[in-house]
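# A structural walkthrough
Okay, here's what each chain looks like letter by letter:
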Amino acid sequence: MASKFAIIACPHEATTSYGQGTKAGPAAILKALPYVENFDEELGREMVAKGSLEILKSVTVTSLGSRVARLLKEEKIPVILGGEHSITPIAVKAFAGRYKNLSVLQLDAHADLRDSYKGKKNSHACALRRVLEICPAVQVGIRSLSIEEWEWAKKTGQIDKIHFAEKLELVDKIEHQLRKDVYITIDVDVFDPAVIPATGTPEPGGLFWYEVLDILKGVCATKNVVGFDVVELSPRRGDIASDFTAAKLVYKLIGFLSK
Ligand SMILES: [Mn+2]
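Note that the structure is predicted; figures quoted are calculated from it, not measured.

What the protein chain contains, in helices and strands, is 8 helices and 10 strands. Against the compact-globule benchmark of 18 Å for 259 residues, the protein chain has a radius of gyration of 17 Å, which places it among compact chains. Put simply, the protein chain has 259 residues, and 49% of those count as buried. Taking as baseline every contact in the protein chain between residues at least 6 positions apart, the subset at least 24 positions apart corresponds to 78%.

So, in structure tokens, the structure goes:
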């Protein structure tokens, strides 16, 4: 079987605002990955079929876009490991070149809707604002944003597509707001810090493991998910649970997308 999924690590870190270390995220996920049990009791099969996953050499942020575009031409599903969230708009641009009906599902604690942060437009705090310049996005698990982001979201109507963590809408509403082709970006801080503490800007009141899986399962079943990223894991000595949880998340998503 020719591989269908291709993992690309992009250990980019330039604009992190508090805790550093997300450049070590991809290596930690890749280290844990072989130890994740491949069989899934819910699916009743292995998440990663034999020969279906290939792990590519890591890329810099400057070559990420062209690498993704090439994989899409080869009909692969790119799985991008960050690194900070600013890599997402670069990936999305490549996906939008291939899929004209693209939308983005963001799972994140932060809205990331600032036009610029500390003078930088490509800051990880602006990731979704840059994505929205390319295609629509639905934001889930949000529980941290500035008054400017709040007002901008209200003014533009984006607020209707923000599903705040404290009152999560039903999954079918989220699905309804997405277009046919979907790119998923998961900032690991969408999880409650009890699930994944190893991230640079943690926020209390996050989503739990099965809540996130339910959303992903629903979207994978009803949409054409063309790729995804997992970003902002910031590994810490002594906390291997965060690394394993991020690794299992990658496997689960591949499992949901393998039929
Ligand atoms: Mn975040």
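It is worth spelling out the nonpolar core at this point. Counting residues in each nonpolar core, the largest one holds 76 residues, and the members touching the most others are I29, A91, L105, V230, A246 and V250. No other element matches helix α8 (residues 240-257), which puts 8 residues into this core. Ignoring sequence-local partners within four residues, the contact set of V230 consists of I29, L81, I186, V188, A246, L249 and V250.

Summarising the element assignment, D115 is placed in the loop between β6 (102-107) and α4 (127-132). According to the C-beta neighbour criterion, D115 is exposed, with 12 such atoms within 10 Å. Residues in contact with D115, not counting those within four places in the same chain, are C126 and R129.

Over its 14 residues, helix α7 (residues 209-222) extends 20 Å from the first C-alpha to the last, a length consistent with the 20 Å expected when each residue adds 1.5 Å. Here α7 has its buried residues at V212, I215, L216, V219 and C220. Buried residues of α7, seen end-on, are gathered within an arc of 125° and therefore sit on one face of the element.

Taking strand neighbours across the sheet as the criterion, the 8 strands line up as β4-β1-β5-β10-β9-β6-β7-β8 in an open arrangement whose pairing is parallel. Every other strand in the sheet has two partners, leaving β4 (53-55) and β8 (162-164) as the edge strands with one partner each. The sheet shows a mean angle of 15° between the axes of neighbouring strands, taken without regard to direction. As judged from the 3 bridges shared by strand β7 (residues 137-142) and β8, these two strands associate in the parallel manner. In the sheet register, V140 faces β8, and the bridge partner there is H163. Along the sheet, helix α1 (residues 25-32) makes contact with β1 (5-10), β4, β5 (77-82) and β10 (224-231), crossing β5 at roughly 120°. Sheet strands touched by helix α3 (residues 87-98): β1, β5, β6, β9 (181-187) and β10. Its angle to β10, the strand with the most contacts, is close to 165°.

Here the focus is α3. With 12 residues, α3 should cover 16 Å at 1.5 Å per step; its first-to-last C-alpha distance of 18 Å lies within 8% of that length. Inspection of α3 places I87, T88, P89, I90, A91, V92, A94 and F95 among the buried residues, and these make up the whole buried set.

Criteria and thresholds
Residues numbered from 1 in each chain as written. Predicted model: local features only at pLDDT ≥ 70, side-chain atom pairs only at ≥ 80, totals over all residues. Helix = DSSP H or I, 4+ residues; strand = E, 2+ residues; numbered from the N terminus. Rg over C-alpha atoms; globule rule 2.2 N^0.38 Å. Buried ≥ 20, exposed ≤ 12 C-beta atoms within 10 Å, placed from the backbone. Contact = placed C-beta atoms within 7 Å. Core = buried A, V, L, I, M, F, W, Y, C linked by C-beta atoms within 7 Å. Expected span 1.5 Å × (residues − 1). Arc of directions from axis to C-beta. Pairing = 2+ DSSP bridges. Axes fitted to C-alpha atoms, helices over the stretch in contact; angles between N-to-C directions.

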